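# Chains, contacts and geometry: an overview
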Amino acid sequence: DDKNSTSYQPYRFFDLLTGTMVDCRYRRAYGFFCGRAVVVFENWDYAFIDESFSIVKEFEFLDNHFSEGLIAGITKDGKTGFFDVDGKQVIEIPLRYDGLGIAATYFNGGYALVSMTDDRWRIIDRTGKNVKEISCLYADNFCDGLSRIAVSGDGSHKYRFVRTDGTFLTSLEFDEASSFCNG
């Protein structure tokens, strides 16, 4: 739904154990990962909640789920980075909200990619250490040690695959490509 829209169908949670609808209404709600779920309130504020539906921490912007116990977020007081399931900031790193979401991938295999500008991304490890900066327009999550990245093209993207150390699988650029995952 549109941020300017005043009408929306609220999201709710269904408790499978009791067979009842949980009396919480959200503009958006995402599934539970690592015992936490991301919710978006009517005013477009973000938070993540625990399994008792209590708010753990509120945010200005938040990714839609945890991965490897971390989630990318931008707090209301301007802190940016990755946060653990208790709401503690464990990696302080600049993040960008690009109008669609936070421009960062999920952690997979201990690595994630974070957008620094429209065409520069940074590969980081779980400590926040900068592994390597790469030039690309978009990056997918790492899977099996590879990320599909979109590089510049004339009207349409070309794709390459980058490893967690920042080296490329091949020098070839592809017109179409899917992410590597499980082979």
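This text goes with the structure placed above it.
Residues numbered from 1 in each chain as written. Predicted model: local features only at pLDDT ≥ 70, side-chain atom pairs only at ≥ 80, totals over all residues. Heavy atoms only, no water.

## Section: the overall build of the chain
When helices and strands are tallied, the chain shows 0 helices and 16 strands. In terms of C-alpha radius of gyration, the chain reaches 18 Å, essentially the compact-globule figure of 16 Å for 183 residues. With respect to the three principal axes, the spread of C-alpha positions in the chain is 55 × 35 × 35 Å. Across the 183 residues of the chain, 42% fall into the buried class. For the chain, the proportion of contacts with a sequence separation of at least 24, taken over those separated by at least 6, is 26%. When the accessible surface of the chain is totalled, it reaches about 10,000 Å², and 47% of it is carbon and sulfur. Treating the 20 positive side-chain charges of the chain as one cloud and the 28 negative ones as another, the clouds have centres 3 Å apart. (Helix = DSSP H or I, 4+ residues; strand = E, 2+ residues; numbered from the N terminus. Rg over C-alpha atoms; globule rule 2.2 N^0.38 Å. Buried < 20%, exposed > 50% of the residue type's maximum accessible area, 1.4 Å probe, protein only. Contact = heavy atoms within 4.5 Å. Areas by Shrake-Rupley, 256 points an atom, 1.4 Å probe, with all protein chains shown as cover. Lys, Arg positive; Asp, Glu negative; His and termini not counted. Charge placed at Lys NZ, Arg CZ, Asp CG, Glu CD.)

## Digging into the sheet that holds strand β9 (residues 80-83)
Reading across the sheet, the 4 strands line up as β7-β8-β9-β10 and stay open at both edges, with antiparallel pairing between neighbours. Two strands in the sheet have a free side with no partner beyond their single neighbour: β7 (61-62) and β10 (89-92). As paired elements, β9 and β10 share 3 bridges and run antiparallel to each other. Note that in β10 the partner of G81 across the bridge is E92. (Pairing = 2+ DSSP bridges.)

## Quick notes on the nonpolar core
One finds F82 and L95 to be the most contacted residues of the largest nonpolar core, which totals 24 residues. For this core, the secondary structure elements donating two or more residues are β4 (37-40), β5 (46-49), β7, β8 (71-74), β9 and β11 (111-117). Top element by residues in this core is β8. It accounts for 3 residues. Among all residues touching L95, those that are not within four sequence positions of it are A72, G73, I74, T80, G81, I102, A104 and V114. In terms of nonpolar packing, the next biggest core, distinct from the first, is built from 11 residues, C136, A139, F142 and V151 among them. (Core = buried A, V, L, I, M, F, W, Y, C linked by side-chain atoms within 4.5 Å.)

## Concerning the pairing of strand β13 (residues 130-135)
Of the pairings in the sheet, the one linking strand β12 (residues 120-125) to β13 comprises 5 bridges and is antiparallel in character. Bridging across to β13, I124 finds its partner in N130. Adjacent in sequence and paired antiparallel, β12 and β13 are bridged by 4 residues, among which G128 carries a positive phi angle near 90°.

## A few points about the side chain of D45
With respect to the helices and strands, D45 occurs in the loop between β4 and β5. Looking at D45, the relative accessible area reads 17%, which means it is buried. Setting aside anything within four residues of it in sequence, one finds D45 in contact with V39, V40, F59 and K76.

## A look at the layout of surface pockets
By volume, the largest pocket amounts to about 630 Å³. Every element with two or more residues in the lining of the largest pocket is listed here: β4, β7, β11 and β14 (138-139). (1 Å grid on protein atoms, 1.4 Å probe; cavity = no way out; pocket = protein on both sides within 12 Å on 5 of 7 lines; lining within 4 Å. Points joined across faces, edges and corners; volume = space filled by probe spheres on them.)

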